[in-house]
Amino acid sequence: MTMLRLEGVTANYGHLRALEEMSLSLDEGDILAVLGANGAGKSTLLSLISGELKPSNGRIFFNDVDITHLDPFQRVRKGIALVPEGRHLFASLTVEENLLVGGSTRRQGSWSLDAVYDLFPFIKERRRSRGGQLSGGEQQAVAIGRALMSNPALLLLDEVSLGLAPVIVRDLYGGLRAVANEGTTLLLVEQDLTEALGVASQVLCLLDGRVVLTGSPDSLSQSQMITAYFGDGESAHKSERS
Amino acid sequence: MVWTNAVVQGLLLGGLYALFSVGLSLMFGVMRFVNLAHGDFSVLAAYAAYVLVEHAGGTPLWTFAAVVPMAAVVGFFLQHFILDRALGAGELSPLLVTFGLSIFIESALQQGFGANNDSLFLGPLSYQSWKITNTLYLGRLEVIVFVVAVALISGLQLFLSRTQPGRLLRATADNPRAAALSGVNPRRVRALATAIALATVAVGGLFLAMRTSFTPTSGSNDLIFAFEAVIIGGLGSLWGTLLGGLILGVAQTVGSQINPADGILAGHLVFLAVLAYRPQGILAARNAAL
Ligand SMILES: Nc1ncnc2c1ncn2[C@@H]1O[C@H](COP(=O)(O)OP(=O)(O)OP(=O)(O)O)[C@@H](O)[C@H]1O
Ligand SMILES: [Mg+2]
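Figured I'd write up the structure that's included with this text. (Residues numbered from 1 in each chain as written. Chains lettered and ligands numbered in written order. Predicted model: local features only at pLDDT ≥ 70, side-chain atom pairs only at ≥ 80, totals over all residues. Heavy atoms only, no water.)

Another point: the overall build of chain A. Each helix and strand in chain A was counted, giving eight helices and 10 strands. Taken over C-alpha atoms, the radius of gyration comes to 18 Å for chain A, in line with the 18 Å a tight globule of 242 residues would show. The principal-axis extents of the C-alpha atoms in chain A amount to approximately 50 × 40 × 35 Å. In chain A, which comprises 242 residues, the share counted as buried stands at 54%. A sequence separation of at least 24 residues applies to 65% of the contacts in chain A between residues at least 6 apart. With the model as given, the accessible surface of chain A reaches about 10500 Å², and the carbon-plus-sulfur share is 45%. (Helix = DSSP H or I, 4+ residues; strand = E, 2+ residues; numbered from the N terminus. Rg over C-alpha atoms; globule rule 2.2 N^0.38 Å. Buried < 20%, exposed > 50% of the residue type's maximum accessible area, 1.4 Å probe, protein only. Contact = heavy atoms within 4.5 Å. Areas by Shrake-Rupley, 256 points an atom, 1.4 Å probe, with all protein chains shown as cover.)

This next bit is on the interface of chain B and chain A. Contacts between the two partners involve 22 residues from chain B, matched on the other side by 24 residues from chain A. Summed over both partners, the interface of chain B with chain A comes to about 1900 Å²; 54% of that surface belongs to carbon and sulfur atoms. Looking at the side of chain B facing chain A, the largest losses of area belong to Arg-177, Leu-181 and Ser-182 of chain B, adding up to 29% of the total buried there. The tally of links between chain B and chain A comes to two salt bridges. Of the charged contacts, one joins Glu-52 of chain A and Arg-177 of chain B as a salt bridge, the two residues approaching to 2.6 Å between their closest N and O atoms. Applying the counting rule to chain B against chain A returns eight residue pairs in polar contact (both at pLDDT 80 or more). Looking at the side of chain B that touches chain A, the elements that each hand over two or more residues are α6 (164-174) and α7 (176-181) of chain B. Of the residues belonging to the side of chain B that touches chain A, the class tally is 10 nonpolar, seven polar and five charged. (Buried area = accessible area lost by both parts, 1.4 Å probe. Salt bridge = Lys/Arg side-chain N within 4 Å of Asp/Glu carboxyl O. Polar contact = N/O pair within 3.5 Å; in protein donor to acceptor, adjacent residues only side chain to side chain. Nonpolar A, V, L, I, M, F, W, Y, C, P; charged D, E, K, R; others polar.)

All names here are of chain A. The protein atoms donating to the magnesium ion (ligand 2) are Ser-43 (OG) and Glu-85 (OE), with metal-donor distances spanning 1.9 to 2.5 Å. Of the two residues, Ser-43 is situated in helix α1 (residues 42-50) and Glu-85 in the loop between β6 (80-83) and α3 (95-102); the sequence distance between them amounts to 42 residues. You can call Ser-43 partly exposed: its relative accessible area is 25%. (Donors = N, O, S within 2.8 Å, 3.2 Å for Na, K, Ca; no water.)

Residue and element names in this part refer to chain A. Within the open sheet, the four strands sit side by side as β2-β1-β4-β5. Their pairing is antiparallel. With one partner strand each, in any of the chains shown, β2 (16-27) and β5 (65-66) form the two edges of the open sheet. Two strands pair when backbone bridges link them, and strand β1 (residues 2-13) and β2 are joined in this way by eight bridges, in the antiparallel orientation. If you follow Leu-6 over to β2, its bridge partner there is Leu-24. (Pairing = 2+ DSSP bridges.)

Soluble, globular proteins show a tendency: their nonpolar side chains are buried together. Counting residues in hydrophobic clusters, the biggest one holds 67 residues, and the most contacted among them are Phe-41, Leu-169, Leu-206, Phe-207 and Met-210 of chain B. The leading source of residues in this core is helix α8 (residues 186-211) of chain B, at 14 residues. Membership of the second largest hydrophobic core comes to 43 residues, among which are Ala-33, Val-179, Ala-200 and Met-225 of chain A. (Core = buried A, V, L, I, M, F, W, Y, C linked by side-chain atoms within 4.5 Å.)

Another aspect to go through is the packing of aromatic side chains. Residues and elements named next belong to chain B. Scanning the entire structure with this criterion turns up 11 aromatic pairs over all chains. For the ring pair Tyr-50 and Phe-113, a centre distance of 6.5 Å and an interplane angle of 80° mean the geometry is edge-to-face. Taken as a pair, Tyr-50 in helix α2 (residues 38-56) and Phe-113 in helix α4 (residues 93-113) lie far apart in primary sequence, 63 residues in all. Ring geometry for Phe-77 versus Phe-81: centroids 5.9 Å apart, planes at 10°, classification stacked. With a gap of four residues between them, Phe-77 and Phe-81 both fall in helix α3 (residues 63-87), about one helical turn apart. On the accessibility criterion, Phe-77 (43% relative accessible area) is partly exposed. Cluster of aromatic residues (ring-pair linked, three or more members): Tyr-47, Tyr-50, Phe-113 and Phe-214. (Phe/Tyr/Trp six-rings, centres within 6.5 Å; stacked < 30°, edge-to-face > 60°.)

This next bit is on the environment of Ala-266 of chain B. All names here are of chain B. Its place among the elements puts Ala-266 in helix α11 (residues 263-277). Along the sequence, Ala-266 and Ser-256 sit 10 residues apart, while their C-alpha atoms lie 8.0 Å from each other. Ala-266 has contacts with Ala-251 and Gly-255, leaving out every residue within four places of it along the chain.

Residues and elements named next belong to chain A. Residues in contact with ligand 1 amount to 15 residues; listed here are only the nearest, Gly-39, Lys-42, Ser-43, Thr-44 and Gln-191. At a separation of 2.9 Å, an oxygen atom of ligand 1 approaches a polar side-chain atom of Gln-191. Relative to its unbound accessible area of 630 Å², ligand 1 is 64% covered by the protein chains. At the level of secondary structure, the elements contributing two or more residues to the shell around ligand 1 comprise β2 and α1. Ranked by residues supplied to the shell around ligand 1, first place goes to α1 with three residues. Classifying every residue of the shell around ligand 1 gives five nonpolar, six polar and four charged. (Near = heavy atom within 4 Å.)

On to the sheet that holds strand β7 (residues 154-158) of chain A, then. Residue and element names in this part refer to chain A. Taken in spatial order, the six strands of this open sheet run β6-β7-β8-β3-β9-β10, and their pairing is mixed. Strands with a single pairing partner mark the edges of an open sheet, and in this sheet they are β6 and β10 (210-215). Along the sheet, successive strands turn relative to each other by an average axial angle of 15°, direction set aside. Inspection of the sheet shows strand β3 (residues 31-35) paired to strand β9 (residues 202-207) by four bridges, in the parallel sense. By the bridge assignment for β9, Ala-33 is matched with Val-203. Strand contacts of helix α5 (residues 136-148): β6 and β7, with the helix running at about 170° to β6, the strand carrying the most contacts. Helix α8 (residues 222-230) contacts β3, β9 and β10 of the sheet and is inclined by roughly 35° relative to β9. (Axes fitted to C-alpha atoms, helices over the stretch in contact; angles between N-to-C directions.)

Moving on, we come to the pattern of salt bridges. Residues and elements named next belong to chain A. Evaluation of the coordinates by the stated rule reveals 12 salt bridges over all chains. Taking the shortest distance from any N to any O, the salt bridge between Arg-5 and Glu-7 comes out at 3.1 Å. What makes Arg-5 partly exposed here is its relative accessible area of 24%. On the basis of relative accessibility, which here comes to 36%, the residue Glu-7 falls in the partly exposed class. Residue Arg-59 is joined to Asp-66 by a salt bridge in which the shortest nitrogen-to-oxygen separation is 2.8 Å.

As C-alpha cells, this is what we get:
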C-alpha cells in the first residue's frame, strides 16, 4: 500500500528553486535512500515531507490523506517523524527528557524509554546527562530515539552519518535496521553511499533539484550512480545556481 | 544594625520583585520578546481586586482566588488571539503590540479610576510586625508575601523540571524547531507560558497593592523592576530570577539607607553594573534556555 505520495511538488526559497516538479511514491515497509551532492535538494525534500517547508506547487499525501497544509507537529501526530540534519537535541534537557518530549504525542506503538535504551545501549548510562554534553554519536542516537518515541510509521533521517566515526555509524545503522525490521518505513538522506545502499530497498538520486535516477540498489550500476551524483561534466562544478 | 535591617527588608521586597520577574523571563524564554505590558497586567489585577472588594466586601485576601485564575485565562486568550499573530509578523511586532497594549491599559484605567493612589487595605495585618531585636522588626505581611513568593517560584521551578507540560515548555524554549518536529504544538506551549506569566504577575500585583499602593500608570515601574531583576539574575533558571529579585530589593533598601531619595537609583546602578560586567547575569545557567 502506498504510504507517502508526492505529486508534482515544487519548492522555492525566495527566487531560488530548490526542488522542481518532484513526484515520488513510497510503500509501507520501503527503505528509500535519497542520494545527491551538496545542495541537490535532499534536505529540502525532507522539510517538505515533515511540513517545515510548504510547497509552492503540488500536493503531498500520507496514507491517502492530503497533508500538504499540515504543520510539522500535526504530521508527527499522523506518524511522520524527522531526525533533522545537525541532530538538534534540546541541549539543556537530559537525554531522558529529550526522549520524553519525543513521546509527548502519545501515539500508539511499541516504543518506550526502555525500548530505545535497548536499541542504543550506550545512551542508557548517559540518560542523566544534558543533550549539550554528549558526543556526536550519542547525540545522533538520542535524536533517532526521540523521533522513535512518537511511534512513527514513516521515519525521515537527514545525514545520520555526517561527521561521525565509522564504528559509530555502524552502530547507528545497526539500530536503523532493527527499526526497519519492525516494519517502520524509512527515508534516509545520505552522502555516505556504503551504509545507505547497505540497507536501502530503493534508491533515488537528486541533482540540482530534480530526480535523475531511481531503482533498486542491485539494479543500478556504479557508473550510473556516479553520473547521477555528480551530473555530467557540465554541471559537476556548477554549485552556484541562479 | 540599621544595615542588617536594610538588608532584611530588601530581601523581603526582593521576593516580591522576583514574582514580577518570573513571567517576564518565562515568556522571553519561550518567545524571545519582552512583554512591555507585563507590569500593566499586575496593576490591572490590582484594580480587579479593588473592584471586587468594593462590590462584594470582605478582606482583599479572597480576591486571589478570583483574580489569579482570571489572569491565567486572559493570558491564554491574549496569546491565542493577539500575540501569536504578532509573532507571525516579524521580530518587532510583538514589542509594538505589547507597547500598544500597555498604553491602552494605562489610559483605560486612568479613565475608569482617575490618577489617584489606591491600595488594598488588609486591616491590622498591614501594620503588625514581629519584633526580632530592638532595632529589627519584620512586618507580618512582608514576611507572608516573601514566603508565598518563594514558595510559588519553587513550585513553578518544580513544575518546569518535573512535569511533562513543564518539559515541553523548556524544550520549546531550548529549540522551538526541534520541539515542533517532536510533535509539540507550539501554540499550546506559548499559551501556557503566557497564562502562567499573567497568573504570577497578578499575584505580584495584588501583593504589591497590599504592601504599598498603586496608580493606573505604576505598571511601567513594575516592568522596569521585573526587567532589572531578570537581567541581574540571568536568564536560564527561575532561581536566577529569584536571586536577581533579591539583589535588586537589597540594592534599593540599602541605597535608601544611604540616602532616602536614592533607593531606586541604587537598584538601577546595580543593574547597570551587571549589564556592564556580567551581561549574561549572575546565575545564568551554562546552557539552559529556561
Ligand atoms: N533556508 C534556505 N534559504 C535559501 N536557500 C536555501 C535554504 N535551504 C537550502 N537552500 C538552497 O536550496 C538548495 C537545496 O538545499 P538543500 O539543503 O535541500 O540541499 P542538500 O541536498 O540537503 O545539501 P547538503 O548535502 O549540503 O545538506 C541549495 O542550493 C541551498 O543553497
Ligand atoms: Mg542537507
